[in-house]
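This is what each chain is made of:
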Amino acid sequence: MMAPQLIVTADAAQLAERAADFIVEVGAAAVRDRGRFTIALAGGSTPAATYAALAGRTGIDWGATHVFLGDERMVPADDPASNFGLARRTLLDHGPVPPEQVHPVRTDLSPAAAAVDYAARMAVAFEVPSDGPPPRFDLVLLGLGVDGHTASLFPHAAATEESRAWVTWSPPGRLPPPVDRVTVTFPTLNAARQVVFLVSGSGKASALRQVLSAPPDPSARPASGVRPTDGAVAWLIDESAASLLAGDSAGN
Ligand code: 6PG
């Protein structure tokens, strides 16, 4: 795996702008090289500013873009906790992605059935066999929890052990909201061409230092298990989140 790229911005606002630029760059290259752009969006609250900045950008062929969620809370789309709801409000309602190319998780199903359904829809969208290797997203956006989780791969959860399914489900971790989740698994994350973590705020500084400095431990610190076999990882972090990183790993 290539060494991760660290990009440190002065604050959260600049993180959002830099992340939007990064996404446009990856998207334009994907459409140029492969005729479409496949992206898995991160949940939580950090990406909201990035999605809002992205909504105002030109340079992405939205008509060639296919949008999935890296994970979802098992709540209706109009629930404030919905990751799809966040993406819709901040980005998808403003960027003309054809509706048939926007793929929310079916939160009307049971978590287990929703995970099976989501993987099957990925296979169709990527035009790959559902029993083969995971689809290769051009870009996967991820956040980092203060406990080192990413997507809905929580520390010591069974989902972190999943080595075959592309998508699985998980009971809630110790962080809110206390709802079941559907999440992509490490096989899918590690098949990606490009992963971008978005990390903001001093509250993430300790988790970020552990994930970047300690030996990888996908069970204890799931974000450290994101090591694409043929892809790149970029950490877009603001100075507050980077405050505990040693000089050599504090990025450019
Ligand atoms: C989720 C997210 C999760 C999130 C981190 C960081 O559904 O909870 O996908 O992985 O990215 O918990 O969340 P914040 O950006 O809100 O700190």
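Structural data are supplied above this passage.
As the structure is a prediction and not an experimental result, all values here were calculated from the model.

**Student:** How would you explain the overall build of the protein if you had to name every residue and give the values?
**Tutor:** Along the protein, the regular secondary structure elements total six helices and ten strands. Taken over the C-alpha trace, the protein has a radius of gyration of 17 Å; the compact-globule value for 252 residues is 18 Å, and the two agree within 12%. Counting only C-alpha atoms, the protein reaches 45 × 40 × 35 Å along its principal axes. Here the analysis covers contacts within the protein between residues at least 6 apart in sequence; of these, 76% occur between residues at least 24 apart. Within the structure as shown, the protein displays about 10300 Å² of accessible surface, and the carbon and sulfur contribution to it stands at 54%. Positive and negative side-chain charges in the protein, numbering 19 and 26 respectively, have mean positions lying 2 Å apart.

**Student:** Talk me through the sheet that holds strand β7 (residues 167–170); I want residue IDs and the actual numbers.
**Tutor:** If you trace the three strands from one edge of the open sheet to the other, you get β4-β8-β7, paired in antiparallel fashion. Each edge of the open sheet is held by one strand with a lone partner, namely β4 (71–73) and β7. Sheet twist, expressed as the average angle between the axes of neighbouring strands with direction ignored, equals 20°. Summarising the sheet, β4 and strand β8 (residues 181–184) pair through three bridges and their orientation is antiparallel.

**Student:** Give a description of the side chain of Thr 50 that names residues and reports values.
**Tutor:** Positionally, Thr 50 belongs in helix α2 (residues 47–55). Judged by relative accessible area, Thr 50 falls into the buried class, the value being 2%. Once residues lying within four places of it in the same chain are set aside, the contact partners of Thr 50 are Leu 15, Ala 16, Ala 19, Ala 20, Ile 23 and Leu 198.

**Student:** Describe the sheet that holds strand β9 (residues 194–199), and please don't skip the residues or the numbers.
**Tutor:** Ordered in space as β1-β10-β9-β6-β2-β3-β5, the seven strands form an open sheet in which the pairing is parallel. Every interior strand has two partners, whereas the edge strands, β1 (5–9) and β5 (102–103), have only one. Most of the contacts of helix α3 (residues 83–92) go to strand β3 (residues 65–69), to which it runs at about 145°, and overall it touches β2 (37–41), β3 and β5.

**Student:** Any details on α2? Residues and values, ideally.
**Tutor:** Residues Pro 47, Thr 50, Tyr 51, Ala 53 and Leu 54 constitute the buried set of α2. Along α2, the residues classed as buried sweep out an arc of 160° about the axis, all on the same side. Against α1 (12–34), β2, α3, β6 (139–142) and β9 lie the buried residues of α2.

**Student:** Which residues make up the packing of α1 against α2, and what values do they have?
**Tutor:** Across the interface, α1 lies against α2 with an axial gap of 8 Å and an inter-helix angle of 55°. Between α1 and α2, the angle is such that the two are oblique. Of the two elements, α1 crosses α2, and the hand of that crossing is right-handed. Touching Leu 15, Ala 16, Glu 17, Ala 19, Ala 20, Ile 23 and Val 24 of α1 are Ala 49, Thr 50, Ala 53 and Leu 54, all from α2. Residue composition of the contact of α1 with α2, by class: nine nonpolar, one polar and one charged.

**Student:** Give me the lowdown on the layout of surface pockets, citing residues and values where you can.
**Tutor:** Considering only enclosed or pocket space, the largest pocket measures out at about 400 Å³ in volume. Residue assignment for the lining of the largest pocket shows that the elements contributing at least two residues are β4 and β6.

**Student:** How would you sum up the pairing of β6? Please name residues and give values.
**Tutor:** Successive side chains on a regular strand alternate, one facing one side of the sheet and the next facing the other. Of the two faces of β6, the one lined by Leu 139 and Leu 141 and the one lined by Val 140 and Leu 142 are each fully buried. Bridging between β2 and β6 involves two bridges; their strand directions are parallel. Opposite Ile 39, over in β6, you have Leu 139 as the bridge partner.

**Student:** Tell me about helix α4 (residues 111–126), and please be specific about residues and values.
**Tutor:** Here α4 spans 22 Å end to end across 16 residues, near enough to the 22 Å set by a 1.5 Å rise per residue. Along α4, the residues classified as buried are Pro 111, Ala 114, Ala 115, Asp 117, Tyr 118, Ala 119, Met 122, Ala 123, Ala 125 and Phe 126. Check the buried side of α4 and you find it contacts β2, β3, β5, β7 and β8. A positive backbone phi angle near 55° is found at Glu 127, which sits one or two residues after α4.

**Student:** Residues and numbers for the side chain of Asn 83, please.
**Tutor:** With respect to the helices and strands, the residue Asn 83 is situated in helix α3. In terms of polar contacts, Asn 83 uses its side chain to reach the backbone carbonyl oxygen of Asp 71, at 3.1 Å.

**Student:** Help me get a handle on the nonpolar core, residues and values and all.
**Tutor:** One finds Leu 41, Met 122, Leu 141, Phe 197, Trp 235, Leu 236 and Ile 237 to be the most contacted residues of the largest nonpolar core, which totals 74 residues. Discounting residues that sit within four places of it in the chain, Met 122 has contacts with Phe 68, Glu 127, Pro 135, Phe 137, Trp 166, Val 167 and Val 184.

About the cut-offs
Residues numbered from 1 in each chain as written. Predicted model: local features only at pLDDT ≥ 70, side-chain atom pairs only at ≥ 80, totals over all residues. Heavy atoms only, no water. Helix = DSSP H or I, 4+ residues; strand = E, 2+ residues; numbered from the N terminus. Rg over C-alpha atoms; globule rule 2.2 N^0.38 Å. Contact = heavy atoms within 4.5 Å. Areas by Shrake-Rupley, 256 points an atom, 1.4 Å probe, with all protein chains shown as cover. Lys, Arg positive; Asp, Glu negative; His and termini not counted. Charge placed at Lys NZ, Arg CZ, Asp CG, Glu CD. Pairing = 2+ DSSP bridges. Axes fitted to C-alpha atoms, helices over the stretch in contact; angles between N-to-C directions. Buried < 20%, exposed > 50% of the residue type's maximum accessible area, 1.4 Å probe, protein only. Arc of directions from axis to C-beta. Parallel < 35°, antiparallel > 145°, perpendicular 65-115°, else oblique. Left-handed = near helix turned anticlockwise from the far one by under 90°. Nonpolar A, V, L, I, M, F, W, Y, C, P; charged D, E, K, R; others polar. 1 Å grid on protein atoms, 1.4 Å probe; cavity = no way out; pocket = protein on both sides within 12 Å on 5 of 7 lines; lining within 4 Å. Points joined across faces, edges and corners; volume = space filled by probe spheres on them. Expected span 1.5 Å × (residues − 1). Polar contact = N/O pair within 3.5 Å; in protein donor to acceptor, adjacent residues only side chain to side chain. Core = buried A, V, L, I, M, F, W, Y, C linked by side-chain atoms within 4.5 Å.

Interpretation note: all reported values are geometric properties and have no functional meaning in isolation.
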